[in-house]
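# Inside the fold
For reference, the chains in residue letters:
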Amino acid sequence: MWSNEPMATTEGFRPPPYPYDRLVELREIAQHHDGGCVDLSVGTPSDAPPDFVVAAMATSGSERSYPFSIGSAAYRDAAAGWMQRRLGVSVDPGQIAACIGTKEVVAGVPHWLRLRTPSRDTVLYPEVSYPSYEMGATLAGCRAVPVPLDAHWRLDLAAIDPADVERALCLWVNTPGNPAGGLDDVTAAATWGRAHAVPVFSDECYVEFTWDGPRRTILESGTDGVVAVHSLSKRSNLAGLRAGFYAGDADLVDYLSEVRKHAGFMVPGPVQAAAIAAWGDDDHVEAQAARYRARLERGRAILTALGVDAPFPGGAFYLWPEAPAGDAWAFARRLATEAGLLVSPGEFYGPAAATHVRLAMVAPMDRLDLVAARVGA
Ligand SMILES: Cc1ncc(COP(=O)(O)O)c(C=O)c1O
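Anyway, here's the lowdown on the structure attached to this text. (Residues numbered from 1 in each chain as written. Predicted model: local features only at pLDDT ≥ 70, side-chain atom pairs only at ≥ 80, totals over all residues. Heavy atoms only, no water.)

### Comments concerning the nonpolar core
Spelled out, the test is: Take the buried residues of types Ala, Val, Leu, Ile, Met, Phe, Trp, Tyr and Cys, join any two whose side-chain atoms come within 4.5 Å, and each joined set is a nonpolar core. Exposed residues in this analysis have more than 50% of their type's maximum accessible area, buried residues have under 20%, and partly exposed residues fall in between, with area computed by a 1.4 Å probe over protein chains only. To qualify as a helix, a DSSP run of H or I must reach at least 4 residues; to qualify as a strand, a run of E must reach at least 2; elements of each kind are numbered from the N terminus. Every residue pair with non-hydrogen atoms within 4.5 Å of one another is taken to be in contact.
Among the nonpolar cores identified, the biggest contains 96 residues, and Met 83, Leu 171, Ile 218, Leu 219, Phe 245, Leu 341 and Leu 359 are the most heavily contacted of them. Looking at this core, the element that brings in the most residues is helix α3 (residues 73–87), giving seven residues. What Leu 341 contacts, discounting residues up to four positions off in sequence, is Ala 30, Val 38, Leu 40, Ala 332, Leu 335, Ala 336, Leu 359 and Val 371. One finds Cys 142, Val 227, Val 253 and Tyr 255 within the second-largest nonpolar core, a separate group that totals 25 residues.

### Notes on the pairing of strand β5 (residues 168–174)
For clarity, the threshold we go by: When DSSP finds two or more bridges between a pair of strands, those strands are recorded as paired. When the strands point away from the viewer and the path from the first strand over the helix to the second turns clockwise, the crossover is right-handed.
Within β5, seven of the seven residues are buried, which leaves it mostly tucked inside the rest of the structure. With three bridges joining them, strand β3 (residues 122–126) and β5 adopt parallel strand pairing. If you follow Val 123 over to β5, its bridge partner there is Cys 170. Across four bridges, the pairing between β5 and strand β6 (residues 200–203) is parallel. Considered in β6, the bridge of Val 173 is made with Ser 202. Considered for its hand, the β-α-β crossover made up of β5, helix α7 (residues 186–196) and β6 is right-handed.

### Some details on empty space enclosed by the protein
We apply this condition: Points on a 1 Å grid over protein atoms alone make up a cavity when a 1.4 Å probe fits among them but cannot get out, and a pocket when they form an open set with protein on both sides within 12 Å along at least five of seven lines; lining residues each have an atom within 4 Å of a point. Grid points are joined across faces, edges and corners, and a volume is the space filled by probe spheres set on the points. Residue type decides the class: Asp, Glu, Lys and Arg count as charged, Ala, Val, Leu, Ile, Met, Phe, Trp, Tyr, Cys and Pro as nonpolar, and the leftover types, Gly among them, as polar.
Applying the stated criterion across every chain yields a total of two cavities of 30 Å³ or more. Approximately 100 Å³ is the volume found for the largest cavity. Lining the largest cavity are 13 residues, with Val 128, Leu 149, Trp 153, Asn 174 and Gly 177 positioned closest to its centre. Empty space within the second largest cavity amounts to approximately 40 Å³. What lines the second largest cavity is simply Trp 82, Glu 204, Cys 205, Tyr 206, Val 207, Glu 208, His 230, Ser 231, Arg 235 and Trp 279. Looking at the lining of the second largest cavity residue by residue, the classes come out as five nonpolar, two polar and three charged.

### Considerations on the packing of aromatic side chains
Cut-off, in case you're wondering: Here the aromatic set is Phe, Tyr and Trp, taking the six-membered ring for Trp, and pairing holds for ring centres within 6.5 Å; pairs whose planes are under 30 degrees apart are stacked, those over 60 apart are edge-to-face, and all others are tilted.
Under the counting rule described, the total for this entry stands at 21 aromatic pairs. For the pair Tyr 206 and Tyr 318, a centre-to-centre distance of 5.6 Å together with 75 degrees between the ring planes defines the contact as edge-to-face. With Tyr 206 in the loop between β6 and β7 (226–231) and Tyr 318 in strand β9 (residues 318–319), this pair connects stretches of sequence that are 112 residues apart. As far as the burial class goes, Tyr 206 and Tyr 318 line up, both buried. One aromatic cluster is present, built from ring pairs that chain together Tyr 18, Tyr 20, Trp 153, Trp 320, Trp 329, Phe 348 and Tyr 349.

### Structural notes on the packing of helix α11 (residues 283–305) against helix α13 (residues 365–375)
Spelled out, the test is: Lines fitted to C-alpha atoms define the axes here, with helix axes fitted over just the stretch in contact, and angles between the N-to-C directions of these axes take values from 0 to 180 degrees. Under this scheme an angle from 65 to 115 degrees is roughly perpendicular, one under 35 degrees roughly parallel, and one over 145 degrees roughly antiparallel; angles in between are oblique. Should the near helix be turned anticlockwise from the far one by less than a right angle, the crossing is termed left-handed; should it be turned clockwise, right-handed.
Following both chains from N to C, one finds α11 and α13 inclined at 10 degrees, their axes separated by 9 Å at the closest point. Judged on the interaxial angle alone, α13 and α11 are roughly parallel. For the pair α11 and α13, the crossing hand works out as left-handed. Side by side, α11 and α13 meet where Ala 294, Arg 295, Arg 298, Ile 302 and Ala 305 of the first sit next to Met 365, Leu 368, Asp 369, Val 371, Ala 372 and Val 375 of the second. Counted by class, the contact of α11 with α13 contains eight nonpolar, no polar and three charged residues.

### Brief notes about the site of the ligand
Put simply, the rule reads: The criterion for a residue being near a molecule or strand is simple. One of its heavy atoms has to lie within 4 Å of it. Definition of a polar contact: a pair of N or O atoms within 3.5 Å, with one able to donate and the other able to accept a hydrogen when the atoms are protein atoms, and with sequence-neighbouring residues admitted only if both atoms are side-chain atoms. Note on areas: Shrake-Rupley, 1.4 Å probe, and residue coverage restricted to the protein chains presented here. For a cavity or pocket, the test is whether more than half of a molecule's atoms lie within 2 Å of its grid points; if they do, the molecule sits there.
For the ligand, the set of nearby residues contains 14 residues, the closest of which are Asp 203, Tyr 206, Ser 231, Ser 233 and Lys 234. Between the ligand and Asn 178 there is a distance of 2.8 Å, counted from an oxygen atom to a side-chain nitrogen or oxygen. Here the ligand loses 92% of its free accessible area of 390 Å² to cover by the protein chains. In this structure, the ligand is accommodated by the largest pocket. Its residues assigned to classes, the shell around the ligand shows four nonpolar, six polar and four charged.

### Here we look at the pairing of strand β4 (residues 143–147)
In this structure, β3 lies alongside β4, joined through five bridges in parallel fashion. Residue pairing in the sheet places Tyr 125 in a bridge with Pro 146 of β4. At this point the chain moves from β3, through helix α5 (residues 132–139), to the parallel β4, and the crossover so formed is right-handed.

### Topic: the packing of helix α4 (residues 103–116) against α5
Remark: α4 packs on α5, axes separated minimally by 6 Å, with the N-to-C direction vectors making an angle of 40 degrees. Judged on the interaxial angle alone, α5 and α4 are oblique. Judged by the twist between their axes, the crossing of α4 over α5 is right-handed. Mapping the contact onto sequence places Lys 103, Val 106, Ala 107 and Pro 110 in α4 and Ser 132, Tyr 133, Gly 136 and Ala 137 in α5. Looking at side-chain class alone, the contact of α4 with α5 contains five nonpolar, two polar and one charged residues.

As structure tokens, then:
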């Protein structure tokens, strides 16, 4: 007889609690403050995307037919043009394909690579990082092997165990990094990958919020064996649109786009039209970068008033202070209680991050002013 109950003998995959769902109690505490909870736990944009982008979506006339899974020629040209302008690299649009935001690529790549190379089963990823690198490996039934970071939150490539290299399907790099804002040496990562015949995927979705030095992409040293992954979610405040692309090694991009086509992954036509408009404009991104810089400074001042030092990050829009006594949950609770602020405890980004907390400086300045007033900053 059919039953909702799992069979006692089944030991299949059970998704772990989604990290941010674990903040319900702290949110309630923060909510008691006059003016409510100021939520800096999730890196979701709160600022408006450009009007012309939304208008392009409404008037594309592309609703009727199926969109190309790899994106229209205009979409890939817009991505290539953006990389040329903003990152100084020239990439053939034939080596670029659309994706439905980058999370689906981050979470999906291990599965697709494993299908192609069943003899390998390991995904290498930064030990303090966005959780989807590890989850992508788990969802593919692969081993997720964290790569240690140095004191500047950069990958320590020399620390990768040769036995793991032999089994590796790919190495993930994330620069500028979430949560710590570290800036990796992308050339070193590409060289490492080529030397070991391990594809390197570089998640560069914060690249236009690089604060320390020039913007860097893994494609600077050529496309062989490397793939850069980009998104409109952060640069253009379009996380709700779901549009990005991956670009690089001709064989990898071709394989991934073929397999994704079979699986039915498509960026909707109206979204593609909006994305073309967004990739074509940089002024709104400069304005957004200025907002994030100001908020990062404001956040640091708030933390200073609480006796906590937060370094200005090398890139991205997160503050990543060490919690007093290294107790991230206690500090998160204190911030909720004293400041009405909701932040993420570091363990969301790996066990090695358990001493820190992450503040996503996405809330508008008037919300940060409210927090500042609560703590006397
Ligand atoms: C490092 C990193 N990669 C990927 C993503 C996913 O972004 P998207 O909206 O493009 O799926 C995020 C979102 O926070 C992120 O921080």
